[in-house]
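Structural description and commentary
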Amino acid sequence: MTSLANRGGGELEAVWAKASAALKSEMSQDTFNSWLGQAGVRENAAGELYLVTPTGIARDWVRRNAWRRVTELWSQYDPQRRALELRSRAELDTAAPAQDSAGAASPAPAPKAPLQALASPAAEEAETAPRAPGLQERFRFDTFVPGPANEFAHSVAKKVACWSDGHFNPVVFHGPYGFGKTHLLNAIAWEAMRASPGRKVIYLTAERFLQSFVRAMMDRTGPAFKDELRAADLLLIDDVHFIAGKQSSQEELYHTLAALTQDGRRVVFTADRAPNDLTEMDARLRSHLQAGLVCGIEPADRTLRLGILERKLVQLGRPMGQPGLNARPEVLQFLADRFTDSVRELEGALNTLVARVGERVEALNLDEAQAILRPHLRGAEKRITVDDIQKAAAEHYGMKQADLISERRNRAVARPRQAAMWLAKTLTTRSLPDIGRRFGGRDHTTVLHAVRRIEALRQEDPQLARDLEVLTRKLRG
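Keep in mind that what you see is a predicted model, and the values were worked out from it rather than measured.

Core analysis: the largest hydrophobic core is formed by 29 residues, its most contacted members being Leu 309, Leu 335, Leu 350, Leu 353 and Leu 373. The set of elements that each furnish at least two residues to this core consists of helix 13 (302-317), helix 14 (329-338), helix 15 (343-357) and helix 16 (366-381). It is helix 15 that provides the largest number of residues to this core, a total of seven residues. Sequence-distant contacts of Leu 350, that is, excluding residues within four places in its chain, are made with Leu 309, Lys 312, Leu 313, Leu 316 and Leu 335. Grouped together as the second largest cluster of nonpolar side chains are 28 residues, Leu 185, Tyr 203, Leu 236 and Ile 297 included.

Rendered as structure tokens:
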């Protein structure tokens, strides 16, 4: 699948620009940006045109609410009146044939060089060498889902992996666990070895670096250990913060880092915090880390979490002989809203559903999904109560907690109350009647109406979606 820029000489891009400008004028800017702002038109080798949305959720919204108008405007502005079809990015990535833009079969990729490890065999014996511990086959660039929260880090990682000139050295990716740092580091290793099989790539976790260093000191093979590391063309160390506080190991890493960067070799680290926050780390080493390019990875937003789930469904379908699995939108939305702290936890929840029901995940409704996941949710729910939600919502919207359980019905109170009810339904296992009782003795139908209303509004109101995201993160710590 190729972009319009590559095939249409800008003509088709101009058509979509006119059509999208008209659409933007007919709907609010926030609505357009949420659902069509990241959409684009692609053309395949057969000349078929597709409007591509970043996620299946966005595709479904466009189909329900805007597709007729999109096709009308496309036909109006396209002199050739070519047909336009609607697809999500995951659908196209799955269906795209292994052909280049001319339609010819793509050349086979270069053989992947195995990962070089400490005490690795000679280059001519590398093809039979075992893979280095910790490098995971599934963590490659084609399984990484980029989005606003990680797009800069993703772009930097790809530049490092292709050995492009003008790189910064060292590169440090930082962020809490489960944000994709290990995935990026693995992807860099795989792609760097594919792009330049003759170059030496060393990938280590901080734990393995420490173990290897201690063993080398005990065995009196320290010089060989140092020479092995400093012969790397690309050194990648995951979770470097674990080395902080271990003086001799820090000193060795400092000298290795200095030697590699002086020789123009490339170094990439990950850490759970920015280098300036690693206060327990040796000042010289911390200063070297700060001297390169520091890339923070933010928490995945809702759109990115939905995209990750869709990509994961494609991967889970392959062992079953399926091009990809599907799930109901309300189930995917529940997962994206419930597991916000870590991509690993998000994928783990989906793994649990598929492991339990297999291909029947496509028919699973929200109540059934929640029942399956309840044991996994309960531990986290102990930290969140309806009272916690009411206090957080009142503080966020600048009102008193008593207002949320009062009889007042003006919009300034009713909307925050509905948002708090939605949060209570999403973040706790309380029943609708129980939630109603805690909101001033309201009937369960009132709570159900509030939940449905907020669910519909957040698709159209980016500010409400942001409010819910902020409150969810605050409540989950």
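There's plenty left to go through after this.
Our next topic: the pairing of strand 8 (residues 266-271). Strand 8 sits mainly inside the fold: six of its six residues count as buried. Direction of pairing for strand 5 (residues 171-174) relative to strand 8: parallel, over a ladder of four bridges. Within strand 8, the position partnered with Val 171 by the bridge is Val 268. In this sheet, strand 8 lies alongside strand 7 (residues 234-238) in parallel orientation, the contact comprising four bridges. The residue bridging Leu 235 from the neighbouring strand is Val 267, located in strand 8. Since strand 7 and strand 8 lie parallel, the crossover through helix 11 (residues 247-262) that links them has a hand, and here it is right-handed.

Here we have five strands laid out as an open sheet, ordered 6-7-8-5-9, and parallel in their pairing. With one partner strand each, in any of the chains shown, strand 6 (201-205) and strand 9 (293-296) form the two edges of the open sheet. Strand-to-strand twist of the sheet, defined as the mean angle between neighbouring strand axes without regard to direction, takes the value 15°. Lying on the sheet, helix 8 (residues 181-195) is in contact with strand 5, strand 6, strand 7 and strand 8; it crosses strand 7 at an angle near 160°.

Right, let's talk about the environment of Ala 394 for a bit. Among the structural elements, Ala 394 can be located in helix 17 (residues 386-397). The spacing of Ala 394 and Ala 420 is 26 residues in sequence and 8.8 Å in space, taken between C-alpha atoms. Dropping the residues within four chain positions of it, Ala 394 is found in contact with Met 399, Lys 400, Gln 401 and Leu 404.

The next thing to look at is helix 22 (residues 462-476). Taking 1.5 Å as the rise per residue, helix 22 with 15 residues should run 21 Å; its terminal C-alpha atoms sit 21 Å apart, in good agreement. Among the residues of helix 22, those classed as buried are Pro 462, Leu 464, Asp 467, Leu 468, Glu 469, Leu 471, Thr 472, Leu 475 and Arg 476. The N-cap of helix 22, judged by a side-chain oxygen 3.1 Å from the amide nitrogen of Gln 463 a few residues on, is Asp 461.

Per-residue pLDDT for the protein chain has a mean of 80; in total, 86% of the residues score no lower than 70. Here residues 1-9 scores under 50 on pLDDT; set against residues more than four positions off or in separate chains, the count is 22 contacts. Low pLDDT, under 50, characterises residues 97-133; the predicted model gives this stretch 51 contacts beyond four residues in sequence or across chains.

Bringing unusual backbone geometry into the picture now. With an omega of -5°, the peptide bond running from Asn 169 to Pro 170 counts as cis. A positive phi angle, close to 50°, is found at Arg 81, a residue other than glycine. For Arg 81, the location among the structural elements is in the loop between helix 5 (67-77) and strand 4 (84-88). A relative accessible area of 57% means that Arg 81 is categorised as exposed. In this structure, Arg 220 takes a positive phi of about 60° despite not being glycine.

As a further point, take the packing of helix 19 (residues 411-427) against helix 22. Where helix 19 contacts helix 22, the axes come no closer than 11 Å and their chain directions differ by 50°. In terms of orientation, helix 19 and helix 22 fall into the oblique class. With respect to the hand of their crossing, helix 19 and helix 22 are arranged in right-handed fashion. In contact with Ala 419, Trp 422, Leu 423 and Leu 427 of helix 19, helix 22 contributes Leu 468, Leu 471, Thr 472, Leu 475 and Arg 476. Tallied by class, residues from the contact of helix 19 with helix 22 come to seven nonpolar, one polar and one charged.

On to the packing of aromatic side chains. On inspection of all chains with the given rule, the structure shows three aromatic pairs. A ring pair is formed by Phe 209 and Phe 213, whose centres lie 6.5 Å apart and whose planes are at 5°; its orientation type is stacked. Separated by four residues within a single helix, Phe 209 and Phe 213 lie in helix 9 (residues 206-218), roughly one turn from each other. For the pair Phe 209 and Phe 213, one class covers both residues: buried. Relative to Phe 225, the ring of Phe 209 lies with its centre 5.9 Å away and its plane at 55°, an arrangement referred to as tilted. Here Phe 225 lies in helix 10 (residues 222-230) and Phe 209 lies in helix 9, a separation of 16 residues in the sequence. The residues Phe 209 and Phe 225 share a single accessibility class, namely buried. An aromatic cluster is defined as three or more aromatic residues linked by ring pairs; in this entry it consists of Phe 209, Phe 213 and Phe 225. One residue, Arg 140, lies across the ring of Trp 190, its end atom 4.2 Å from the ring centre.

Cut-offs applied
- Residues numbered from 1 in each chain as written.
- Predicted model: local features only at pLDDT ≥ 70, side-chain atom pairs only at ≥ 80, totals over all residues.
- Heavy atoms only, no water.
- Core = buried A, V, L, I, M, F, W, Y, C linked by side-chain atoms within 4.5 Å.
- Buried < 20%, exposed > 50% of the residue type's maximum accessible area, 1.4 Å probe, protein only.
- Helix = DSSP H or I, 4+ residues; strand = E, 2+ residues; numbered from the N terminus.
- Contact = heavy atoms within 4.5 Å.
- Pairing = 2+ DSSP bridges.
- Right-handed = clockwise from strand over helix to strand, strands pointing away.
- Axes fitted to C-alpha atoms, helices over the stretch in contact; angles between N-to-C directions.
- Expected span 1.5 Å × (residues − 1).
- Polar contact = N/O pair within 3.5 Å; in protein donor to acceptor, adjacent residues only side chain to side chain.
- pLDDT = per-residue confidence, 0-100.
- Parallel < 35°, antiparallel > 145°, perpendicular 65-115°, else oblique.
- Left-handed = near helix turned anticlockwise from the far one by under 90°.
- Nonpolar A, V, L, I, M, F, W, Y, C, P; charged D, E, K, R; others polar.
- Phe/Tyr/Trp six-rings, centres within 6.5 Å; stacked < 30°, edge-to-face > 60°.
- Lys NZ or Arg CZ within 6 Å of the ring centre and 35° of its normal.

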